[in-house]
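# Examination of the molecular architecture
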Amino acid sequence: MSTIKKIKNFITWERFKKFSSVIQFFIIVWGVWFSVAQFRDVRNMQSAQLMLSFNKDLSSDKNSKILTAIENNQPIFKEAGGEFDSTDIDNYLSNFELLNSTYLADLMTDDMIFNTFYYSVVKTYQNQEIQNYLETIRKEDQYFFAGFERLAKSFLMTKVDQ
């Protein structure tokens, strides 16, 4: 029997359909894996863009000066001999409030948010003048900057776990 006849006898329609099904299965599995990898890459890029945007806001001249005063244990509020009024501090803390919302919505990766903002969030949260300010404004509304506080406590718990 010739080789061509042997091949024709071996490749039946049923065998061809089975072989095609196996190939389709592998193509689908590869497609799903590829889609997941693409989604992860897009998410990481969006997370990086958000991180850079927040970092830019926190690095603005006024916010940078507030963080520097906090780092150096200098007075913050004008009443205490610092440079800033409550509006400046509200704007500064609002960045962390928005950062918490971003964190809760899972728009940034946990590692990126922790590695980038841990220091400034925790340093600010642990500052006594900031704590006194939060206590004062929460007499009016107990939820003022609750997201900032939640984020700081989350960071502190995470730091202990690592």
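All residue numbers refer to position in the chain's written sequence, counted from 1. In view of the model being predicted, local features appear only for residues whose pLDDT reaches at least 70, and side-chain atom pairs are presented and counted only at 80 or more, with totals across whole chains, interfaces and linings using the full set of residues. Note: side-chain values were computed over all heavy atoms of the structure, leaving out hydrogens and water.

### Notes on the overall build of the chain
Stated formally: Counting from the N terminus, the helices are DSSP H or I runs at least four residues long and the strands are E runs at least two residues long. Throughout, radius of gyration means the C-alpha value; the globule benchmark is 2.2 Å times the number of residues raised to the power 0.38. Using a 1.4 Å probe on the protein chains alone, a residue whose accessible area is under 20% of its type maximum counts as buried, one over 50% counts as exposed, and one in between counts as partly exposed. It only takes one pair of heavy atoms within 4.5 Å for two residues to be counted as in contact. Per-residue and other accessible areas follow the Shrake-Rupley method at a 1.4 Å probe size, with only the shown protein chains counted as cover for residues. In this charge count, Lys and Arg are treated as positive and Asp and Glu as negative; neither His nor the chain ends contribute. A charged residue contributes its charge at one atom only: NZ of Lys, CZ of Arg, CG of Asp or CD of Glu.
Each helix and strand counted, the chain has seven helices and zero strands in total. Seen in sequence order, the chain has helices and strands lined up from the N terminus as α-α-α-α-α-α-α. Scaling as 2.2 N^0.38, a compact globule of 162 residues should have a C-alpha radius of gyration of about 15 Å, whereas the chain reaches 28 Å, well beyond that. Considered along the principal axes of its C-alpha atoms, the chain spans approximately 105 × 30 × 25 Å. A burial count over the chain gives 31% of its 162 residues as buried. Counting only contacts in the chain whose residues sit at least 6 apart along the sequence, the fraction spanning at least 24 positions is 70%. Carbon and sulfur atoms make up 58% of the accessible area of the chain, which totals about 11,200 Å². Looking at the chain, you have 18 positive and 20 negative side-chain charges, and the mean spots of the two groups are 22 Å apart.

### Some points on the pattern of salt bridges
Just so we agree on the cut-off: We define a salt bridge as a side-chain nitrogen of Lys or Arg found within 4 Å of a carboxyl oxygen belonging to Asp or Glu.
Overall, the coordinates contain four salt bridges when judged by the stated rule. One salt bridge in this structure joins K65 and D61, with 3.6 Å as the shortest N-O distance. Of this pair, K65 and D61 both sit in helix α3 (residues 61–71), four residues apart, which is roughly one turn of that helix.

### Some details on the packing of aromatic side chains
Any two aromatic rings considered together are summarised by their centre-to-centre distance and by the angle between their planes. What counts is decided by this rule: For Phe, Tyr and Trp, rings pair up if their centres lie within 6.5 Å, where Trp contributes its six-membered ring, and each pair is then called stacked (planes under 30 degrees apart), edge-to-face (over 60) or tilted (otherwise).
Evaluation of the coordinates by the stated rule reveals 10 aromatic pairs. Centroid distance F54 to F117: 6.3 Å. Interplanar angle 80 degrees. Geometry classified as edge-to-face. With a gap of 63 residues between them, F54 in helix α2 (residues 13–58) and F117 in helix α5 (residues 110–125) connect regions that are remote in the sequence. Accessibility assignment for this pair places F54 and F117 in one class, buried. Between the aromatic rings of Y125 and F148, the centroid separation amounts to 6.0 Å while the plane-to-plane angle is 70 degrees, which identifies the pairing as edge-to-face. Placement of the pair is Y125 in helix α5 and F148 in helix α7 (residues 146–161), with a sequence separation of 23 residues.

### A few points about the nonpolar core
Quick note on the threshold: Among buried residues, those of type Ala, Val, Leu, Ile, Met, Phe, Trp, Tyr and Cys that are joined through side-chain atoms within 4.5 Å constitute a nonpolar core.
In terms of nonpolar packing, the biggest core is built from 31 residues, with I89, L93, L99, F117, V121, F148 and F155 touching the most fellow members. Of all the elements in the fold, those that place two or more residues in this core are α2, α3, α4 (86–104), α5, α6 (128–137) and α7. Ranked by the residues each element gives to this core, the list is headed by α5, at seven residues.

### Observations concerning α4
Helical geometry: 3.6 residues make up each α-helical turn, so side chains three or four residues apart lie on a common side. Rule in force here: In this analysis, the expected span of each helix is defined as 1.5 Å times one less than the number of residues it contains. Here a polar contact is recorded for every N or O atom pair within 3.5 Å, except that within protein the pair must consist of a potential hydrogen donor and a potential acceptor, and residues adjacent in sequence are included only if both atoms are side-chain atoms.
With 19 residues, α4 extends 26 Å between its outermost C-alpha atoms, agreeing within 8% with the 27 Å of an ideal straight helix rising 1.5 Å per residue. The opening residue of α4 is D85, an N-cap whose side-chain oxygen sits 3.1 Å from the backbone nitrogen of T87. Count one or two residues on from α4 and you reach D106, which has phi positive near 60 degrees.

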